[in-house]
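Tertiary structure, described
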Amino acid sequence: GLLPLVDTREGGEVVARIERLRKNFAREMGIILPPVHIKDNLELAPSEYRLLIHGVEAAKGSVMSDRLLAMDPGDVRDPVQGIETVEPAFGLPALWIRGGDKARAELAGYTVVEPAAVIITHLSEILQRDCEQLIGREELQQLIEVVARRRPRVVDELIPNVLTHAHVLAVIRALLAERVSVRDLSSILESLSDASRYGKAVPFLVDQVRERMGGAIVQSFVGPDDQLHVAMLDAATEDALRPFVVRNEAEVNLAPDLPTAQGLLAQLQTAVSRLHDLGYPAVLIAPTDLRFPLWRFATRFISQVHVIGQNELPPRVKVATEFTVSTARRATRRGPATMAPGTRRGGA
């Protein structure tokens, strides 16, 4: 049932959209996606599709190729008739409507998209989420060779005498897992050269690279008012979490007891929900020593949260604290409180 969407002879747009997606992904994230193969699977229902990475199902969905998807952004004035469904990429309630109802749905306030766009949006979201799985040693070597042609000393001084390819690959994968672009690979390699004199543990190296790239990381979350709207941990919560940080040579994890874990997770979910309700990305500011373990803990349960270290904040960025997260009480809404450029709060 979905073959017309991928058959260019029938006007299918999926293949062309995938080509554009791969180009945009390379430009934004700095890695070349492997080819995307499309196969007809008779085991699936006529309206179903699956997304596989290395042969393992990463996601699945269902679209109606003869209808349009209408999503209510929350201000629809005159509901239209359609088949109720769930938008596959973000899990939003939606309707499959007939093509003839498109104009009326848009006038009513719905966001209306074609079925091909539904699939591509889902594919894009999964690639963003799992892009660290798409780069291996060969792909990394190709990227390093590009840097070596322009700045050979940067590569020669680092690999393999200071860090092995495996070390560098682990750092790159960790950055991609946090949706940090590795487009400026030469700066990343320079940062690794500087940081490796003090330690070679991957979490330490990742934090050092992120600090150097802080301006680029933070800029993507700054709102139209030129402020970074965030949630923060209160000082008592920061102090309470530090004893639960478990470190070894290779890993850093946050392993709180059950009551602390449940309380922290509930606060984070509330903060994420409220930030999204205000139209802001879910950004949590944390002390540098808690940033990486807190991110690993949070993203096991809340995929949308971004944890930024205090050392990553550029001096010119104003931070508006919308919520304070506390394990001792419910998340509290703040008014917002705006930090002056260059201001830091909390621990190390």
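As a reminder, the structure under discussion sits directly above these lines.
Overview of the structure. (Residues numbered from 1 in each chain as written. Predicted model: local features only at pLDDT ≥ 70, side-chain atom pairs only at ≥ 80, totals over all residues. Heavy atoms only, no water.)

**Concerning the environment of Asp207**
- Mapped onto the elements, Asp207 comes out in helix 9 (residues 202-212).
- Of the residues examined, Asp207 reaches a relative accessible area of 13% and is grouped as buried.
- Excluding anything up to four places from it in sequence, Asp207 contacts Thr288, Arg291, Phe292 and Asn311. (Helix = DSSP H or I, 4+ residues; strand = E, 2+ residues; numbered from the N terminus. Buried < 20%, exposed > 50% of the residue type's maximum accessible area, 1.4 Å probe, protein only. Contact = heavy atoms within 4.5 Å.)

**Brief notes about the packing of helix 5 (residues 137-150) against helix 7 (residues 165-177)**
- The interhelical angle for the contact between helix 5 and helix 7, taken along N-to-C directions, is 90°, at an axis separation of 10 Å. In terms of orientation, helix 5 and helix 7 fall into the roughly perpendicular class. Each of Arg137, Leu140, Gln141 and Ile144 in helix 5 lies in contact with helix 7, whose residues at this interface are His165, Ala166, Val168, Leu169 and Ile172.
- For the contact of helix 5 with helix 7, the class distribution of residues is 6 nonpolar, 2 polar and 1 charged. (Axes fitted to C-alpha atoms, helices over the stretch in contact; angles between N-to-C directions. Parallel < 35°, antiparallel > 145°, perpendicular 65-115°, else oblique. Nonpolar A, V, L, I, M, F, W, Y, C, P; charged D, E, K, R; others polar.)

**Quick look at the packing of helix 9 against helix 13 (residues 288-299)**
- At a closest axis distance of 11 Å, the pairing of helix 9 and helix 13 adopts a crossing angle of 115°. When the axis of helix 9 is compared with that of helix 13, the two are roughly perpendicular. Crossing of helix 9 over helix 13 shows right-handed handedness. Between helix 9, through Pro203, Val206, Asp207 and Arg210, and helix 13, the contact on the second element is made entirely by Thr288, Arg291 and Phe292.
- When its residues are assigned to classes, the contact of helix 9 with helix 13 shows 3 nonpolar, 1 polar and 3 charged. (Left-handed = near helix turned anticlockwise from the far one by under 90°.)

**A short note on the pairing of strand 3 (residues 68-71)**
- What you see with strand 3 is no split at all: Leu68 and Ala70 on one side and Leu69 and Met71 on the other are buried throughout.
- Relative to strand 5 (residues 92-97), strand 3 runs antiparallel, the two sharing 4 bridges. Considered in strand 5, the bridge of Leu68 is made with Ile97. (Pairing = 2+ DSSP bridges.)

**A look at the side chain of Thr237**
- Along the chain, the position of Thr237 falls in helix 11 (residues 235-241).
- The exposure class of Thr237 is buried, given its relative accessible area of 1%.
- Setting aside chain neighbours within four positions, we find Thr237 in contact with Val325, Ser326 and Thr327.

**Observations concerning a nonpolar patch on the surface**
- On the surface, Val15, Val36 and Ile38 cluster together into a nonpolar patch covering about 200 Å² of accessible area.
- Tracing the backbone through its elements, the reader meets Val36 in the loop between helix 2 (14-29) and strand 1 (48-53).
- Exposure remark for Val36: the relative accessible area of 35% places this residue in the partly exposed category. (Patch = residues over 30% accessible without salt bridge, like charges linked within 9 Å, V, L, I, M, F, W, Y side chains within 5 Å. Areas by Shrake-Rupley, 256 points an atom, 1.4 Å probe, with all protein chains shown as cover. Salt bridge = Lys/Arg side-chain N within 4 Å of Asp/Glu carboxyl O.)

**What to know about the nonpolar core**
- Val168, Ile172, Ile188, Leu189, Leu192, Leu228 and Leu294 are the most contacted members of the largest nonpolar core, which totals 97 residues.
- In contact with Leu189, not counting residues within four places along its chain, are Val147, Val154, Val155, Leu158 and Val168.
- Counting 10 residues, the second largest nonpolar core, distinct from the first, contains Val80, Leu95, Tyr110 and Val112. (Core = buried A, V, L, I, M, F, W, Y, C linked by side-chain atoms within 4.5 Å.)

**What about the environment of Tyr280?**
- Mapping Tyr280 onto the fold places it in the loop between helix 12 (258-277) and strand 10 (283-286).
- Along the backbone, Tyr280 and His229 are 51 residues apart, and their C-alpha atoms lie at a distance of 6.7 Å.
- Excluding its chain neighbours within four sequence positions, the residues that come into contact with Tyr280 are His229, Leu275 and Glu322.

**Things to note about the packing of aromatic side chains**
- Counting across every chain of the model gives 2 aromatic pairs.
- Centre to centre, the rings of Phe292 and Trp295 are 6.1 Å apart; their planes meet at 40°, and the pair counts as tilted. Of this pair, Phe292 and Trp295 both sit in helix 13, 3 residues apart, which is roughly one turn of that helix.
- The class of Phe292 is buried, set by a relative accessible area of 6%. (Phe/Tyr/Trp six-rings, centres within 6.5 Å; stacked < 30°, edge-to-face > 60°.)

**A few points about helix 12**
- With 20 residues, helix 12 should reach 28 Å at 1.5 Å per residue; the first-to-last C-alpha distance of 28 Å fits that figure.
- Those residues of helix 12 not exposed but buried are Thr260, Ala261, Gly263, Leu264, Leu265, Gln267, Leu268, Ala271, Val272 and Leu275.
- Elements in contact with the buried residues of helix 12: strand 7 (227-233), helix 11, strand 9 (252-254), strand 10, helix 13 and strand 12 (318-325). (Expected span 1.5 Å × (residues − 1).)

**A few points about the layout of surface pockets**
- Space inside the largest pocket adds up to approximately 1,100 Å³.
- His37, Ile38, Lys39, Arg50 and Leu51 are the residues nearest the centre of the largest pocket, which is lined by 38 residues in total.
- Of all elements in the fold, only helix 1 (3-6), helix 2, strand 1 and helix 4 (115-130) reach the threshold of two or more residues within the lining of the largest pocket.
- The element that contributes the greatest number of residues to the lining of the largest pocket is strand 1, accounting for 6 residues.
- Grouping the amino acids of the lining of the largest pocket by side-chain chemistry returns 25 nonpolar, 7 polar and 6 charged.
- Here the second largest pocket defines a volume of roughly 770 Å³. (1 Å grid on protein atoms, 1.4 Å probe; cavity = no way out; pocket = protein on both sides within 12 Å on 5 of 7 lines; lining within 4 Å. Points joined across faces, edges and corners; volume = space filled by probe spheres on them.)

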